[in-house]
Amino acid sequence: GESFHYDSSVYPAWNDRYGWKSVPGTPFIFEPSGLMEFPVPVTGYPVQFAFSGGAYLRILPWRFIEYSLDRALNNNSLSMVYIHPWELSENLPSVWKGNYRAALTRYPGLGKMRKRVKALFEKYAENMAGMATCLDQHTISLHYSLNNQD
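Just so it is clear, the model here is predicted, and its values are computed rather than measured.

Draft legend 1. Highlighting the overall build of the chain. Scanning the chain for helices and strands turns up five helices and four strands. Helices and strands in the chain line up, N terminus first, as β-β-β-α-α-α-α-α-β. Out of the 150 residues in the chain, the part that is buried amounts to 33%. Counting only contacts in the chain whose residues sit at least 6 apart along the sequence, the fraction spanning at least 24 positions is 66%. Split by element, the accessible area of the chain, about 9900 Å² in all, is 55% carbon and sulfur.

Draft legend 2. Layout of the side chain of Glu37. Residue position: Glu37 is located in strand 3 (residues 35-37). At 3.4 Å, the side chain of Glu37 and the backbone nitrogen of Val10 are in polar contact. If near-sequence neighbours (up to four positions away) are discounted, Glu37 is found in contact with Asp7, Ser8, Ser9, Val10, Pro27 and Phe28.

Draft legend 3. Main features of the pattern of salt bridges. Going through the model one piece at a time under the given rule, you end up with five salt bridges. The salt bridge partner of Glu66 is Lys123, with a shortest N-O separation of 3.3 Å. Of this pair, Glu66 sits in helix 2 (residues 62-74) while Lys123 sits in helix 4 (residues 110-124), and the two are 57 residues apart along the sequence. The class for Lys123 is partly exposed, based on a relative accessible area of 38%. The partner of Glu122 in a salt bridge is Lys118, and the shortest N-O contact between them spans 4.0 Å. Remark: Lys118 and Glu122 occur in helix 4; sequence separation between them is four residues, near one turn of the helix. Both residues of the pair, Glu122 and Lys118, count as exposed. By sharing partners, the salt bridges in this structure join Arg63, Glu66, Asp70 and Lys123 into a single network.

Each value, and the rule that gives it
- Residues numbered from 1 in each chain as written.
- Predicted model: local features only at pLDDT ≥ 70, side-chain atom pairs only at ≥ 80, totals over all residues.
- Heavy atoms only, no water.
- Helix = DSSP H or I, 4+ residues; strand = E, 2+ residues; numbered from the N terminus.
- Buried < 20%, exposed > 50% of the residue type's maximum accessible area, 1.4 Å probe, protein only.
- Contact = heavy atoms within 4.5 Å.
- Areas by Shrake-Rupley, 256 points an atom, 1.4 Å probe, with all protein chains shown as cover.
- Polar contact = N/O pair within 3.5 Å; in protein donor to acceptor, adjacent residues only side chain to side chain.
- Salt bridge = Lys/Arg side-chain N within 4 Å of Asp/Glu carboxyl O.

Have a look at this one:
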């Protein structure tokens, strides 16, 4: 059957709704499944939080996003930008059901997401590569299992 080989849903820092602070912040192979995990990039400041995708990309100040991406590039780190397809929708219906706090991060900044994605491509095009290229250029040798948890 079909299966997943890559994932990018691990948030390698503490968050009150999600997060797994014991995982590495760099790509790793999750054992025993062999799933290659590309953690969401987080800042290296005293309080770690994501900056390059989802609500973070929509809500945080643009200068901070640029600074964080530039810092990752200057450190020669593998980094990524991620978007959810619905964030590019021009006609996303506003549905305020369920968790109100989650809804507060779901809708702000939607109107500027297309502009931000375009700006990322314009500024960082020479540093961008598809996953296959990244995998060819970098050996992912770090393995992580549930036994590594803190």
